[in-house]
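Here is what each chain is made of, one letter per residue.
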Amino acid sequence: MVELIGKVSKGSKMDQIYIPKNRESIPVGSYVIIKPLETEKQEIKPYFYKVSIEPIKVEIIKNIMQIIDRNTDNENIIITGSFLEKGFQFNDIDILVIGGNIKEEILENYLGVKVHIISIANNALIKGLETDPLYNLMLSRCVSKKRVIYNIKRKINYKLLDLHLLKSKINNFESLKGKEKYEVVRNMIAIKTFITKKEVSREKVDSEINKLFGLEEIKENLIGKTEFNKKYKKIYTETERLIMEGIKNESK
Amino acid sequence: MSQNRSKLIDIFVGNVSNSVVHRILEKAIDEENIRKHYDREFLTSLEIAKRYREKINPKSEFPEKDAEEMKEMIRNKVKKELKKRESKGYKNINFDLIDSVMDEILKEMRIIKK
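Since the model is a prediction, treat every value here as computed from it, not as a measurement.

Here is what the cut-offs are and how they apply
- Residues numbered from 1 in each chain as written.
- Chains lettered and ligands numbered in written order.
- Predicted model: local features only at pLDDT ≥ 70, side-chain atom pairs only at ≥ 80, totals over all residues.
- Heavy atoms only, no water.
- Helix = DSSP H or I, 4+ residues; strand = E, 2+ residues; numbered from the N terminus.
- Rg over C-alpha atoms; globule rule 2.2 N^0.38 Å.
- Buried < 20%, exposed > 50% of the residue type's maximum accessible area, 1.4 Å probe, protein only.
- Contact = heavy atoms within 4.5 Å.
- Areas by Shrake-Rupley, 256 points an atom, 1.4 Å probe, with all protein chains shown as cover.
- Lys, Arg positive; Asp, Glu negative; His and termini not counted.
- Charge placed at Lys NZ, Arg CZ, Asp CG, Glu CD.
- Polar contact = N/O pair within 3.5 Å; in protein donor to acceptor, adjacent residues only side chain to side chain.
- Salt bridge = Lys/Arg side-chain N within 4 Å of Asp/Glu carboxyl O.
- Pairing = 2+ DSSP bridges.
- Buried area = accessible area lost by both parts, 1.4 Å probe.
- Arc of directions from axis to C-beta.
- Axes fitted to C-alpha atoms, helices over the stretch in contact; angles between N-to-C directions.
- Parallel < 35°, antiparallel > 145°, perpendicular 65-115°, else oblique.

**Some details on the overall build of chain A**
Along its length, chain A carries nine helices and seven strands. Scaling as 2.2 N^0.38, a compact globule of 252 residues should have a C-alpha radius of gyration of about 18 Å, whereas chain A reaches 25 Å, well beyond that. Taken along its principal axes, the extent of the C-alpha atoms in chain A is 85 × 45 × 35 Å. Sorting the 252 residues of chain A into buried and exposed places 48% on the buried side. Sequence-distant contacts in chain A: of pairs separated by 6 or more residues, those separated by 24 or more amount to 59%. Split by element, the accessible area of chain A, about 15000 Å² in all, is 51% carbon and sulfur. Considering chain A, the positive charge centre built from 45 side chains and the negative charge centre built from 35 side chains are found 4 Å apart.

This is the structure:
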């Protein structure tokens, strides 16, 4: 079958593709299919960091990386968050595009799944890793297009941590779903772990939450109100005390 | 004011106060808050406050006297939190921002008129 290659050129009312007048087939009036000429795809081999997921998710990740690469220049693409948990309970796919940006709709239209793009410069990411325990959590379990190598020196900025801890200052837990409770607890435990200079990873923080409250109990919202409030308040007060002490020492 | 409504208002006030403190401290820190890139998904006090606002009558703006009473409660809570930090040596906290930040949130919450 004859195949012709043409280039789409801009027209005033309609764009067009010019093909040679002298050709062996495809006479004038015949219908043709037009589709983009795929350039040779470079196979993406993602790097997995403490992630073991279903093959279908690996394919989705490769597709995501290819689409992003086609649409934007970037230094790296990192997939993180609940999508990397076993099963299909995730709400959306968290994607860090380092040194680039892409509209969420482009991926959502293709995947049919909600995505959350975090477009961030490489130096901002490094700063996040140095100062914010949540960034440490985020990258402790991820899949990336390129190898993730960061030589991070932890910087404890107590005022920033105070700001982050405010996210976990909850006056009443009754309106919170299990997942939301887990998030505020995770934030608080990650901050406490960060201040005490221990390793901040998803595994370590979850293990601490499990020890204190029971990981599944908290996520499923099965934990007793009084017991939860008492433990939570104790840890929050202790973490806040550490931060306030830090601010006091910093100001001397 | 029924007991239930009063409890809901207390929780609402707590969450709004927390948001006001957060916004003021954000302006006081000398380093860029990198978390803003990641914050969109994070549950905030403001969102919790919105949930409680939906449960509190009237759904439209509060009568002036009630709104003033609420503003006083928030103002006191915020001042207490900010003063606690100031006493530890936290600098650059702008107490003058309390009313404007609080009003901004209360307008958004339909407690006072826009």
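Further notes follow.
**Regarding the side chain of A:Ser144**
All names here are of chain A. Considering the arrangement of structural elements, one finds Ser144 in strand β7 (residues 142-144). Taking the relative accessible area as the measure of exposure, Ser144 reaches 0% and is therefore buried. At a separation of 2.5 Å, a polar atom in the side chain of Ser144 contacts the main-chain carbonyl oxygen of Lys146. Discounting residues that sit within four places of it in the chain, Ser144 has contacts with Pro46, Tyr47, Tyr49, Met65, Asn76, Ile77 and Ile78.

**Things to note about the pattern of salt bridges**
A complete count under the given rule lists 29 salt bridges over all chains for this structure. Where B:Arg85 meets A:Asp162, a salt bridge forms, and the shortest distance between an N and an O atom there is 2.6 Å. Taken together, the positions of B:Arg85 in helix α3 (residues 64-87) and A:Asp162 in helix α5 (residues 158-165) put the pair across two chains. Of the two residues, B:Arg85 and A:Asp162, neither departs from the other in class, the shared state being buried.

**As for the pairing of strand β4 (residues 76-80) of chain A**
Residue and element names in this part refer to chain A. For β4, the tally of buried residues reaches five of five residues, placing the bulk of the element in the interior. Residues of β4 alternate between two faces, with Asn76, Ile78 and Thr80 on one and Ile77 and Ile79 on the opposite face, all of them buried. Bridge count between β4 and strand β5 (residues 93-98): five bridges; the pairing is antiparallel. Bridge pairing in β5 places Ile77 opposite Val97. Two strands pair when backbone bridges link them, and β4 and β7 are joined in this way by two bridges, in the antiparallel orientation. Bridge assignment links Ile78 to a residue of β7, and that residue is Ser144.

**Remarks on the interface of chain B and chain A**
It is common to report an interface's size as the accessible area lost on association of the parts. Contact with chain B, which involves 34 residues of that partner, is made by 39 residues of chain A. Taken together, the two surfaces of chain B and chain A that pack against each other cover about 3800 Å², and 54% of this comes from carbon and sulfur. Where chain B packs against chain A, one counts five salt bridges. The shortest N-O distance in the salt bridge between B:Arg51 and A:Glu180 comes to 2.5 Å. Between the two partners, chain B and chain A, sit eight residue pairs in polar contact (both at pLDDT 80 or more).

**Quick look at helix α2 (residues 45-53) of chain B**
Listed in full, the buried residues belonging to α2(B) are B:Ser45, B:Leu46, B:Ile48, B:Ala49, B:Tyr52 and B:Arg53. Taken end-on, α2(B) shows its buried residues confined to a sector of 160°, consistent with a single buried face.

**A word on the environment of A:Lys181**
Residue and element names in this part refer to chain A. Note that Lys181 resides in helix α6 (residues 178-195). We classify Lys181 as buried; its relative accessible area is 9%. Separated by 32 residues in the primary sequence, Lys181 and Ile149 have C-alpha atoms spaced 32 Å apart. For Lys181, the contacting residues outside a window of four places in its chain are Phe173, Leu176, Ile218, Asn221 and Phe228.

**Overview of the packing of helix α4 (residues 133-140) of chain A against α6(A)**
Residue and element names in this part refer to chain A. Look at α4 against α6: their axes get within 9 Å of each other, and the N-to-C directions meet at 100°. One way to sum up the angle between α4 and α6 is to call them roughly perpendicular. Taking contact as the criterion, the partners of Pro133, Leu134, Asn136 and Leu137 in α4 are, on α6, Arg186, Asn187, Ala190, Ile191 and Phe194.

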